[in-house]
Number of protein chains: 2
Amino acid sequence: MNGDKEKLLSVPASPNGHRGIEQSGASAASTRTTALAHERWIARMMLDALGAPPIRLVLWDGWGTGGEPGEAVATATIGDRWALYKLALNPELQFGELVAQGRVRIDGDLACFLETVNRAKARAGFQYLPQRVLGWLYRPRSNALGKSRQNIYQHYDIGNDFYELWLDRELVYTCAYFPTPELDLERAQLAKMDHVCLKAGLKPGDTVVEAGCGWGALARHMARDYGVKVKAYNISHEQIEYARERARREGLDDRVEYVEGDYREISGRFDAFVSVGMLEHVGFENFPELASVMQRSLKPDGRGLIHSIGRDKPALMNPWIERRIFPGAYPPSLSEMLTLFEPSGFSVLDVENLRLHYAKTLQHWLQRYESAVDQVNEMFGAEFVRTWRLYLAGSIAAFASGDLQLFQVTFARHGSNQVPWTRQYLYSEPRSPH
Amino acid sequence: MNGDKEKLLSVPASPNGHRGIEQSGASAASTRTTALAHERWIARMMLDALGAPPIRLVLWDGWGTGGEPGEAVATATIGDRWALYKLALNPELQFGELVAQGRVRIDGDLACFLETVNRAKARAGFQYLPQRVLGWLYRPRSNALGKSRQNIYQHYDIGNDFYELWLDRELVYTCAYFPTPELDLERAQLAKMDHVCLKAGLKPGDTVVEAGCGWGALARHMARDYGVKVKAYNISHEQIEYARERARREGLDDRVEYVEGDYREISGRFDAFVSVGMLEHVGFENFPELASVMQRSLKPDGRGLIHSIGRDKPALMNPWIERRIFPGAYPPSLSEMLTLFEPSGFSVLDVENLRLHYAKTLQHWLQRYESAVDQVNEMFGAEFVRTWRLYLAGSIAAFASGDLQLFQVTFARHGSNQVPWTRQYLYSEPRSPH
């Protein structure tokens, strides 16, 4: 167990890490009741099933089990008996629900707690239900053309001012790239954009299509610093409005065209096809359609880059995240990603796994989020605060423990020799005009 | 068509490129007969089916079709009518057979000719027979434990002195790594070994297992320059004898143990698992067994590297190569390679595609081979000379046209954070103690 603690990424302790429990939804009656023998047994069984992680589990009456207070990474307190039952019956979904409602409270570092649990589960081979049953119970929501808009609306149209509270100045909402771990977030996002532009082999005068452009930072970066013309697609109305306004203000609107449209609506042929952080929202059933879009939109010697959250092996998204945070999301394994390339005549040039960079990125986001938590509370209330805290800390834990990966895949058409001779060019200073 | 010519790798013209045809197996009678109308029609149809590559096809009576002599990349002469029929009925197998027998002759640059044909076939979507039928006709030979030895014997035990004629001084018979394309072969093979050692994250004192060690160069390099202890497996008796003798001579036999054994016989647990150029001989049906060997032999925070010839999408090995050169060979696609990693709980850290480096390596080999061709002729005769010339030139063409890929996949266990932060360390000078 000690070995594991050493391996944990150092996560800055968040001073506000366990606020909001005061507004607990637990009924006053149940918190005064002593836990029954079988309830204590359930608590012990739950820890055992998770592979006995070094955490402490406390019931509403103060009784506890698991790691001793001094040794445990953190303590989870279950505020009422119905919370215990719900958790025992459907941990994957209910843990998030109950934490959001304030009925389960984590004292200690939340991300650290979650990473410890992830690692124990992986070691113990814990599986709440077989993937097939989970797939039936928690099938990700459809990403058919009309549904995608709804799914994306739910997450990305919360309001730009909310994201401005805790993202970088350019509003880049994907994994950053830290040439050294100490780099600040602003510079790491610029470094990520350069990394992507270099991998996509951009030359002045090139045309680029971007599928899923967020608030448009990458498209503006490519146009400004690499001298290319960009057509960038996104189905989030709020994001596209923001992106257009910013391009106008920065005098880039002659070189960047933001299209409020789905990747399926991409038209034209381009020197580069770039997509950063969209694939995990596409849904595996739509990969063939995305592949055919890539196929028809890349010139013969063009180059492509897909940057996506992934998995070491196929698995569904956590059902709570799918329900509350990312409707329709499905992070593919690398073999699933390859269904985009192999059947359509693409050649994979390079795959880089940046999962620890995403853990680091999320640490920055969580830290900024906690600094702005009073504003978030005013905007959306305590349950929202807890929901997003859990999502951010849970994502740190997922990337740190390997439950999630971050793959950048560079590709070209089969047989194209317009490819870099080595990858040295990615590591030569200066990397970009900054 | 011109676009294609520009894209061809520049292959040094081989002065001996079309010797040996004098000993043609064509009967004197057939070469004197005029080709019949339907035979000329077959010749034209064949070129059409191949997508009309800019090559010239000449029959035994001097009649020709296809590209005009000045424009064509090269000329193929079919020496007798039965050669034409065989070629038309089973081009994938018979082309090699007939060239080896001297009944089909290529005038001009052989690798260039073959790359041109490959590219035309890919563009035209040429397929002699569906993969399923080919799979039934030309199933690669079995690589069950006993059979592997036979398969490997057929290729690798031809004699060390033969390979010494045209490989580098260290006898490295896998794709080299050229930090710059002009590097000589000796240094490019050293650079490849360093590239592998760095990717495998070797530290002094580490233990390494190598599956399929050839003449043992990489194992000695790791022990000498990276201070590790190596256990290296190979089923080729001649290679193992050579490797042991050389380790003794270089005073490395206390740090390198060469085991005459199959990868399935690997025992022990190691800090690194390395395999360079073996996977393409393993056979896809044996991947689960190799995965379980990797699984049991890697320490929790160990790192692995698999270097293998591959494909952009699943396809059988050319049946002539499988029959005459590499019995049992099957170069997997990347998705097929991933069956080694995903089901067994490995995490893919990095994939690099080095196919153009293999084309370059093979150009060096072919050039050296041609310089030593008189000796090869004395050792094995003219048919062997032509067979190996076609194999080397055909391999240049396959890597240059994208029919074959070269993948280096770096991996660790799921959740291990003992992984490099970026890939910068692969591109810092100096790369190794040389």
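Residues numbered from 1 in each chain as written. Chains lettered and ligands numbered in written order. Predicted model: local features only at pLDDT ≥ 70, side-chain atom pairs only at ≥ 80, totals over all residues.

Asker: Is there a simple way to think about the overall build of chain A in this case?
Answerer: Along chain A, the regular secondary structure elements total 19 helices and 11 strands. Counting only C-alpha atoms, chain A reaches 70 × 45 × 40 Å along its principal axes. By the burial criterion, 54% of the 434 residues in chain A qualify as buried. Partitioning the contacts of chain A with sequence separation of at least 6, the portion at a separation of at least 24 is 74%. (Helix = DSSP H or I, 4+ residues; strand = E, 2+ residues; numbered from the N terminus. Buried ≥ 20, exposed ≤ 12 C-beta atoms within 10 Å, placed from the backbone. Contact = placed C-beta atoms within 7 Å.)

Asker: Please explain the interface of chain B and chain A as it appears in this structure.
Answerer: By a widely used convention, the size of an interface equals the accessible area lost when the partners come together. Each partner contributes residues to the interface: chain B has 32 residues there, and chain A has 32 residues. Secondary-structure elements contributing two or more residues to the side of chain B that touches chain A are helix H6 (110-124), helix H16 (334-337) and strand S10 (346-353) of chain B. Per element, the largest residue contribution to the side of chain B that touches chain A is seven residues, and it comes from S10 of chain B. Of the residues contributing to the side of chain B that touches chain A, the split by class is 12 nonpolar, 12 polar and eight charged. (Nonpolar A, V, L, I, M, F, W, Y, C, P; charged D, E, K, R; others polar.)

Asker: Teacher, can you tell me more about the packing of helix H5 (residues 91-101) of chain A against helix H19 (residues 382-401) of chain A here?
Answerer: Residues and elements named next belong to chain A. Between H5 and H19, the shortest axis-to-axis distance is 7 Å and the interhelical angle comes to 140 degrees. By the angle between their directions, the pair H5 and H19 is classed as oblique. The two elements H5 and H19 meet at a crossing, and its hand is right-handed. On the side of H5, the interface is formed by Gly-96, Val-99, Ala-100 and Gln-101, while H19 contributes Glu-383, Arg-386, Thr-387 and Leu-390. Its residues placed into classes, the contact of H5 with H19 shows three nonpolar, three polar and two charged. (Axes fitted to C-alpha atoms, helices over the stretch in contact; angles between N-to-C directions. Parallel < 35°, antiparallel > 145°, perpendicular 65-115°, else oblique. Left-handed = near helix turned anticlockwise from the far one by under 90°.)

Asker: Is there a simple way to think about the relation of the copies chain B and chain A in this case?
Answerer: Note: a rotation about an axis with an accompanying shift along it relates these two copies of the chain. The transformation that overlays chain B on chain A combines an axial shift of 0.0 Å with a rotation of 180 degrees, and the residual RMSD is 0.0 Å. The operation mapping one copy onto its partner corresponds to a two-fold rotation axis. With an isologous cut-off of 70% or more, the 100% of interface residues of chain B that recur at the interface of chain A puts this contact in the isologous class. (Least-squares fit on C-alpha atoms with pLDDT ≥ 70 in both.)

Asker: Please clarify how the sheet that holds strand S3 (residues 74-78) of chain B should be interpreted in this entry.
Answerer: All names here are of chain B. Read across the sheet, four strands follow the order S2-S1-S3-S4 without closing on themselves; strand pairing throughout is mixed. Strands at the two margins of the open sheet, each flanked by one partner only, are strand S2 (64-66) and strand S4 (104-108). This sheet shows a mean twist of 20 degrees between the axes of neighbouring strands, independent of strand direction. Two elements, S3 and S4, share five bridges in a ladder whose sense is antiparallel. Across the sheet, the residue bridging to Thr-77 is Arg-105, located in S4. Of the strands in this sheet, strand S1 (56-58) and S2 are in contact with helix H3 (residues 37-49), which crosses S2 at around 20 degrees. (Pairing = 2+ DSSP bridges.)

Asker: Help me understand the environment of Gln-295 of chain B, please; the structure alone is not making it clear to me.
Answerer: Residues and elements named next belong to chain B. With respect to the secondary-structure elements, Gln-295 resides in helix H14 (residues 287-297). Accessibility expressed as a C-beta count within 10 Å gives 15 for Gln-295, which makes it partly exposed. Remark: the alpha-carbon pair of Gln-295 and Trp-63, spanning 232 residues in sequence, is separated by 60 Å.

Asker: I tried to follow the environment of Val-351 of chain B on my own but got confused; where do I start?
Answerer: Mapping Val-351 of chain B onto the fold places it in strand S10. Along the primary structure Val-351 of chain B and Val-409 of chain B are separated by 58 residues, whereas in three dimensions their C-alpha atoms are 4.5 Å apart. Apart from the residues within four sequence positions on either side, Val-351 of chain B is in contact with Val-348, Asp-350 and Val-351 of chain A together with Leu-334, Phe-407 and Val-409 of chain B.

Asker: I keep staring at the confidence of the model for chain A and nothing clicks. Help me out?
Answerer: Do not read the fine detail of predicted coordinates wherever pLDDT is low. Predicted confidence across chain A gives a mean pLDDT of 90, with 90% of residues reaching 70 or more. For this predicted complex, the interface score ipTM comes out at 0.91, alongside a pTM of 0.91. (pLDDT = per-residue confidence, 0-100.)

Asker: Explanation requested: the sheet that holds strand S4 (residues 104-108) of chain A in the structure shown.
Answerer: As a general point, the strands of a sheet are linked pairwise by backbone hydrogen bonds and lie either parallel or antiparallel. All names here are of chain A. If you trace the four strands from one edge of the open sheet to the other, you get S2-S1-S3-S4, paired in mixed fashion. In this open sheet, the two strands that pair with only one neighbour each are strand S2 (64-66) and S4. Each adjacent strand pair in this sheet contributes to an overall mean axis angle of 20 degrees, direction not counted. Here helix H3 (residues 37-49) sits on the sheet and contacts strand S1 (56-58) and S2; the angle it forms with S2, its principal contact strand, is near 20 degrees.

Asker: Help me out: how do you make sense of the pairing of strand S6 (residues 229-234) of chain A in this one?
Answerer: Successive side chains on a regular strand alternate, one facing one side of the sheet and the next facing the other. Residues and elements named next belong to chain A. The buried fraction of S6 is high, at five of six residues. Across five bridges, strand S5 (residues 207-211) lies against S6 in parallel orientation. By the bridge assignment, Glu-210 is partnered in S6 with Ala-232. Taking the sense of rotation as the criterion, the β-α-β connection linking S5, helix H11 (residues 217-226) and S6 turns out right-handed. Note: S6 against strand S7 (residues 256-260), five bridges, orientation parallel. Of the residues in S7, the one forming a bridge with Val-230 is Val-256. Traced from S6 through helix H12 (residues 237-249) to S7, the parallel crossover comes out right-handed. (Right-handed = clockwise from strand over helix to strand, strands pointing away.)

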